[in-house]
Amino acid sequence: MAELQELHLRIKEVQEQESSKHATSITKQPHTRLQHWSWWLKVTLSITFILSGQTTGTLLGRFYYHEGGNSIWVATLVSAAAFPILLIPLLLYRFLNIPSTTTTTRRTTMATTTARPPPSFSTLAFVYISLGLLMAGDNVMYSYGLFYLPVSTYSLICTTQLAFNAVFSYLFNSQKFTPLIFNSIVILTFSASLLAIRSDSKGSKEVSAANHVIGFLCTVGASAGLALRLSLTQFSLEKVLKKERFDVVLEIQFYTSAVTSCVAVIGLFASGGWRRLEGEMVGFDKGRVVYVMTLVWAAVAWQVSNVGMVGLIFEVSSLFTNVIGAVGLPIVPVLAVVFFQDKMDGVKVVSLLMAVWGFLSYIYQHYLDDCESKKTTTADVSEVSDVATA
């Protein structure tokens, strides 16, 4: 009789456990679905921010030079000066206390079951200042490139950032160096070389062959710097900051932009360029109001683009972020022909087609990596299920 009662109790316990597991799975399913859609929403917004901000910022920067602006330091300052607007979403995020909903495979590698001590103030300062200085250097070189080159030539040369990103992702982020990526690097190098040998390009004014070379070298250097900054940002997020909340995206962009803005202000005053700002505003072809609005909206556009870049690094990777950034580059030359009457001759057409081919090689490699990642994840889940069943 006692044995029968004990068996009955065991059956009841098993039934209660199964019922509890079923209830837990039901309650977790909507949350998991919410996490999935939240991740896709963040990725979509980040991509939209990058494409719209990058295209708008580049065209407004070209417009600034085209209509009479000539300050490199002002253009550098504009690329980061709108960082105070990030306080609004950052404070809103903190006030609402939004939980993390990151669920992708790459992001789960950052998760841990044990509590990590937060990075020290000196570590955070080093990360933000280093990235800010690197961003300032990028923006100065980009400003020189945009000053001396037509926007179409400038944008096509910027596609070389994909090649640099492949190297830096291999060094810092364990990115594989595949034949497709190598193919993309070679094609993008040839694409940029076609534009480098052309010394008859015209920007907002006639430029000499020497200035054309300076513009080309600065744009290539800035592309390398951007690729390095994206890879180091991913490295910092994963190895140093180790945060899973999305507000880290706003934090890192806020502080690095603040450092960049300080560098630009120092450069503006040290070079004496601040004394010429009044005359530059007066001499602007479209008037003072358009001058101010051009700088303001260019600053907002670049801040939107930068937030999108850091957000996409946080959710996916620096490599994918660079690929998305390259999507907008072929768009700019087409718009430049419409708005600035840039010449789209045979050399630029060939360079554009080669840049698109190199970009597609990158996209296809990312597709293959994604398929491989899904197969690995499925295999891991099946293995866990088999062990649990056994």
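Position numbers for residues count from 1 along each chain, tracking the sequence in the order it is written. Given that this is a predicted model, residues contribute local features only at a pLDDT of at least 70 and side-chain atom pairs are listed and counted only at 80 or more, while totals for whole chains, interfaces and linings are drawn from all residues. Computation of side-chain values covers all heavy atoms of the structure but excludes hydrogens and water.

## Some remarks on helix α10 (residues 247–270)
Okay, so step 1: In this description a helix means any DSSP run of H or I spanning at least four residues, a strand means any run of E spanning at least two, and both kinds are numbered starting from the N terminus. A helix is expected to reach a length of 1.5 Å times the quantity of its residues less one. When the terminal C-alpha atoms of α10 are compared, their 35 Å separation across 24 residues agrees well with the 34 Å that a helix rising 1.5 Å per residue should span.
Okay, so step 2: In this scheme, a residue with accessible area under 20% of its type's maximum is buried, one over 50% is exposed, and one in between is partly exposed, where area comes from a 1.4 Å probe on protein chains only. Counting buried positions over the 24 residues of α10 gives 17, a clear majority of the element.
Okay, so step 3: Directly after α10, the chain includes glycine 272, whose backbone phi takes a positive value near 80 degrees.

## A word on the packing of aromatic side chains
Okay, so step 1: Stacked, edge-to-face and tilted are the three classes for Phe, Tyr and Trp ring pairs, Trp counted by its six-membered ring, which pair at centre distances within 6.5 Å; planes under 30 degrees apart are stacked, over 60 edge-to-face, the rest tilted. Enumeration over the complete set of coordinates arrives at twelve aromatic pairs.
Okay, so step 2: Ring centres 5.0 Å apart and planes at 70 degrees place the aromatic pair tyrosine 65 and phenylalanine 147 in the edge-to-face group. Taken together, the residues span a long stretch of sequence, with tyrosine 65 in helix α1 (residues 2–66) and phenylalanine 147 in helix α5 (residues 121–148) at a distance of 82 residues.
Okay, so step 3: Of the residues examined, tyrosine 65 reaches a relative accessible area of 3% and is grouped as buried.

## Here we look at the confidence of the model for the protein chain
Okay, so step 1: Along the chain, pLDDT gives the predictor's confidence residue by residue, from 0 to 100. Chain-level pLDDT for the protein chain is 75 on average; 67% of the residues reach the 70-or-more range.
Okay, so step 2: Two residues form a contact once any of their heavy atoms are found within 4.5 Å. Counted against residues more than four places away or in other chains, residues 101–114, with its pLDDT under 50, gives 31 contacts.
Okay, so step 3: Overall, residues 199–204 carries pLDDT values under 50, and its contacts beyond four positions in sequence, including any with other chains, amount to 15 contacts.

## Re empty space enclosed by the protein
Okay, so step 1: In the cavity and pocket records, a cavity denotes points on a 1 Å grid over the protein atoms alone where a 1.4 Å probe fits but cannot get out, a pocket denotes an open set with protein on both sides within 12 Å along at least 5 of 7 lines, and lining residues are residues with an atom within 4 Å of a point. Grid points are joined across faces, edges and corners, and a volume is the space filled by probe spheres set on the points. As enumerated under the stated definition, the model contains three cavities of 30 Å³ or more in all.
Okay, so step 2: Considered as a void within the structure, the largest cavity measures approximately 450 Å³ in volume.
Okay, so step 3: Together, 29 residues line the largest cavity, and Thr58, Ser79, Tyr142, Tyr154 and Trp302 are the ones closest to its centre.
Okay, so step 4: Of all the elements in the fold, those that place two or more residues in the lining of the largest cavity are α1, α2 (72–78), α5, α6 (151–157), α9 (209–241) and α12 (288–315).

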